[in-house]
Amino acid sequence: MRLENAVIIVTGSSVGLGAATARIAASKGARVLINYTKSESEAEETAQACRDLGGDAVLCQGNVAEDTDCRRMAAMALEQWGRIDGLVNNAGSSVFASAADLESLSGDDFLNIYKVNVVGAYQMIRAVVPHLKAQGKGSIVNVSSISAITGGGSSIAYAASKSALNTMTISLARSLAPEIRVNAVCPGPIPTRWWDDGLGEEGAQQLFRSFEAQVPLQEAPSPESVAETIVWMLEAAGHVTGETIMIDSGMHLIGFKP
């Protein structure tokens, strides 16, 4: 699938990895729906960057945990451009909770995380599938996490939700073929403000110092490096489906002790 003039929805794309994905797709001529929940000004900055790079962009506020918002995103892309070619399920949620303290997570924490990370991804896929099939082909990339493989990360609930997302990727790759490819990426820690918000600035810096001292490639993946892989899976990986690609600087080879 060529990205020139293709229509791509990227959830959670006002900042961070989602914004980097939108920008790289736009640089290849894609038309991108930028989704945000609260950060309208930052979403507009990302949209303008997409336009400056030669693509087009439109904003859509919405929470993927709400099915009506997912269907509204698909409807807005269709109204704006008349087609949908790809989806990147990047919106995610977590809480920071020690795995050693089982009282640090409630049942509601699990449900809220799953509503975004698993149910939200499913609802977005359901909203776009008829339109991807109408084009004769389409590509979906789910943004998972190396936590799905290692069981580490911000919380047990987050790791479990990403593992569920990986399983759903395989199920849907099978059921949506041959018209639609479904894959996932599993990044390691990416230096974005998400970690600053969860651990504090010094805690996040210590995490990345420790990470880069241990992993084989000795540097953390950047939002842009992960986004490049996502865009490759959208555009160029024409015979790849049902795969989960680890983008973790080799962390899975050795384990990682924060």
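Here the structure is shown first, and the text comes after it.
Parameters at a glance
- Residues numbered from 1 in each chain as written.
- Predicted model: local features only at pLDDT ≥ 70, side-chain atom pairs only at ≥ 80, totals over all residues.
- Heavy atoms only, no water.
- Helix = DSSP H or I, 4+ residues; strand = E, 2+ residues; numbered from the N terminus.
- Expected span 1.5 Å × (residues − 1).
- Bend = angle between axes of the 7 residues up to and from the residue.
- Buried < 20%, exposed > 50% of the residue type's maximum accessible area, 1.4 Å probe, protein only.
- Polar contact = N/O pair within 3.5 Å; in protein donor to acceptor, adjacent residues only side chain to side chain.
- Contact = heavy atoms within 4.5 Å.
- Pairing = 2+ DSSP bridges.
- Axes fitted to C-alpha atoms, helices over the stretch in contact; angles between N-to-C directions.
- Salt bridge = Lys/Arg side-chain N within 4 Å of Asp/Glu carboxyl O.

Colleague: Teacher, can you tell me more about helix H4 (residues 107–134) here?
Modeller: Structurally, the α-helix is built with 3.6 residues per turn, so residues lying three or four positions apart point the same way. In this model, H4 (28 residues) spans 40 Å end to end at C-alpha, consistent with the 40 Å of a helix rising 1.5 Å per residue. When the local axis directions of H4 are compared, the greatest deviation, roughly 40°, occurs at Lys115. Of the residues flanking the end of H4, it is Gly136, one or two places downstream, whose phi is positive at about 90°.

Colleague: Sorry, what's going on with unusual backbone geometry here?
Modeller: Excluding glycine, residues mostly have negative phi values, and the peptide bonds linking residues are mostly trans. With omega at 10°, the peptide bond leading from Ala177 into Pro178 counts as cis. Within the secondary structure, Pro178 sits in the loop between helix H6 (156–176) and strand S6 (180–187). The residue Gln218 is not glycine, and still its phi comes out positive at about 60°. Checked against the element boundaries, Gln218 lands in the loop between helix H8 (201–214) and helix H9 (223–235). A relative accessible area of 58% means that Gln218 is categorised as exposed.

Colleague: Teacher, can you tell me more about the side chain of Asn89 here?
Modeller: Relative to the helices and strands, Asn89 resides in strand S4 (residues 86–89). According to the relative accessible area criterion, Asn89 is buried, its value standing at 5%. Within the structure, the side chain of Asn89 is placed 3.4 Å from the backbone oxygen of Ala121, a separation counted as a polar contact. Sequence-distant contacts of Asn89, defined by excluding residues within four places in its chain, comprise Thr11, Ala121, Met124, Ile125, Ile140, Val141, Asn142 and Val143.

Colleague: Sorry if this is basic, but what is going on with the sheet that holds S6 here?
Modeller: In a beta sheet, neighbouring strands are held together by backbone hydrogen bonds and run either parallel or antiparallel to one another. Pairing within the open sheet is parallel, and its 7 strands lie in the order S3-S2-S1-S4-S5-S6-S7. Single-partner strands in this sheet number two, and they are strand S3 (56–61) and strand S7 (244–247). Across this sheet, the average inter-strand angle for adjacent strands is 20°, counted without regard to direction. Pairing analysis gives 4 bridges linking S6 to S7, with the strands arranged parallel. In the strand pairing of S7, Val185 is matched with Ile245.

Colleague: I keep staring at the pattern of salt bridges and nothing clicks. Help me out?
Modeller: Charged atoms that come close allow side chains of opposite charge to pair. Applying the stated criterion across every chain yields a total of 9 salt bridges. Glu4 serves as the salt-bridge partner of Arg2, at 2.8 Å between the closest nitrogen and oxygen. We note a salt bridge from Asp69 to Arg72, for which the minimum N-O separation is 3.2 Å. Here Asp69 and its partner Arg72 are both found in helix H3 (residues 67–81), 3 residues apart, which amounts to about one turn of the helix. Bridged by salt links that share partners, the residues Asp67, Arg71 and Arg126 form one connected network.

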